[in-house]
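Understanding the architecture of this molecule
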Amino acid sequence: MAIAIQELTPFQEVNLFLDDSADRLGLSDGLREMLRQPWRELKVQVPVRMDDGRVEVFSGYRIQHNGARGPYKGGVRYHPQADAEEVRALASLMTWKNALVNVPFGGAKGGVQCDPRQLSESELNRLTRRYTLNISHLLAPNRDIPAPDMGTNAQTMAWMMDAYGQIHGHSPAIVTGKPVELGGSLGREAATGRGVAFILQEAATDLSMDMDGIRIVIQGYGNVGSWAAQILHDSGCRIIALSDVAGGIYNPKGLDVSRIAENKIAGIGVSEYLDGEKVTNAELLELECDVLIPAAIDNVINAENASRIKTKLIAEAANHPVTFGADQILNDRGITILPDILVNAGGVTVSYFEWTQNLQEFRWEEERVNDELRKVMSKAYQAVHEKVASQGINYRQAAFDIGVGRVARAVNLRGFV
Ligand code: NAD
């Protein structure tokens, strides 16, 4: 019996994009299977002594999807939905993303299935240390280098580095996205959001869209969404709606993004901003705008709501925010989608710079980090755009063809089979 598109797991969905690309690239069945499946998967128990004395046991994962092009690289997610299939999907996307921006890494992802908002600082510290110890035999600066993702941040990376260092000695290159005081790179925190803005600026030129006053809706106001909002606002775009997990705010005249940033620091949610109309996250996605930027969780644009999306352009700052079924509907409707593996690659690009700086025990100025980031993002965008223009395929197909093609070549050159 055929599986309905909506019933596919995130990993099955990502593999549909891979299969589509493998068809165009003419890859053999054996090679496809090597590219489809993760090379190594680890599931660990993460027992944590809670502040009230109870022990709670969480499930943790580190999935190394493909290491043909270099050490495994990818973030660690703390989220209630971070199960094996989600982490597999995210690990696979890291493989294609790292190849697309041509950083010398394979793809991996980690996760702990928990709700970090329900855990105290000390519980998060203990959970992170136990998780790190339980996966530490897979990690090393030349083997597998984690980074932050949803629900984790620079503090989480500091705890991971410390826990790893207790066994292996001082090892700043074991994680990226660390606090600057512990060897983190200047510019890393803003890098993913800055990369979103770079890609949007390049695409707007090719699509003849004037960025000045352009109406942008952003779902998610965490690391990626908040930096993207601020940088795009500062460059003259009009951010008309923003949200966090509790809901969103809409004002067609434009939001005062700096005020919302100040509110966040004061612990005030996005939807508590007064100068606008409250909207739910579902309503926010269907607002009329020029650019829609999902920057929170996966699968938010799906077969159910794709026909009601009212934008010209979607820039996927989140990983896998558009399902395979929705992708087809949106393409048919003529809505351009700039894919996750291109749009949000700024984070891993500056993670690569951070790792390089750590290995060289040298620090770059922030200006150099941002300049190099722009060069890498621009090169990747131009390669994708050139394929779109010359082959008549869409941006996702072009991005996958470049990423998958590079990994396939690396696998063949290594002579695994
Ligand atoms: P984060 O934890 O810093 O922020 C997540 C934001 O999404 C928060 O504002 C949260 O309130 C909101 N959110 C959570 N659940 C939601 C829901 N159900 N509906 C609407 N909003 C919800 O996470 P982040 O690091 O900004 O990551 C966001 C996305 O970007 C993820 O898909 C992640 O994989 C991707 N990404 C992050 C990086 C990075 O460098 N942090 C790099 C590449 C891709």
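Preceding block: the structure.
None of these values were measured; they are calculated from a predicted model.

**Some remarks on the site of the ligand**
- In the neighbourhood of the ligand, 22 residues make up the surrounding shell, with Arg 77, Asp 149, Thr 192, Val 245 and Asn 319 lying closest.
- Thr 192 is positioned such that a nitrogen or oxygen atom in its side chain is 2.8 Å from an oxygen atom of the ligand.
- Asn 223 is positioned with one of its backbone polar atoms (N or O) 2.9 Å from an oxygen atom of the ligand.
- Isolated, the ligand exposes 840 Å² of accessible area, and the fraction of that covered by the protein chains is 85%.
- If you list the elements that add at least two residues to the shell around the ligand, you get helix H6 (188–206) and helix H7 (223–234).
- Partitioned by chemical class, the residues of the shell around the ligand number nine nonpolar, nine polar and four charged.

**Examining unusual backbone geometry**
- In this structure, Asn 102 is a non-glycine residue whose phi angle is positive, near 60 degrees.
- Within the element layout of this structure, Asn 102 appears in the loop between helix H3 (84–100) and strand E4 (106–112).
- Take Asn 102: its relative accessible area is 45%, and that puts it in the partly exposed class.
- Even without a glycine there, the phi angle at His 320 is positive, about 50 degrees.
- Along the chain, His 320 falls in the loop between strand E11 (313–315) and helix H10 (324–332).
- A relative accessible area of 3% means that His 320 is categorised as buried.

Rules of the game
- Residues numbered from 1 in each chain as written.
- Predicted model: local features only at pLDDT ≥ 70, side-chain atom pairs only at ≥ 80, totals over all residues.
- Heavy atoms only, no water.
- Near = heavy atom within 4 Å.
- Polar contact = N/O pair within 3.5 Å; in protein donor to acceptor, adjacent residues only side chain to side chain.
- Areas by Shrake-Rupley, 256 points an atom, 1.4 Å probe, with all protein chains shown as cover.
- Helix = DSSP H or I, 4+ residues; strand = E, 2+ residues; numbered from the N terminus.
- Nonpolar A, V, L, I, M, F, W, Y, C, P; charged D, E, K, R; others polar.
- Buried < 20%, exposed > 50% of the residue type's maximum accessible area, 1.4 Å probe, protein only.

Worth remembering: the numbers are spatial, not functional.
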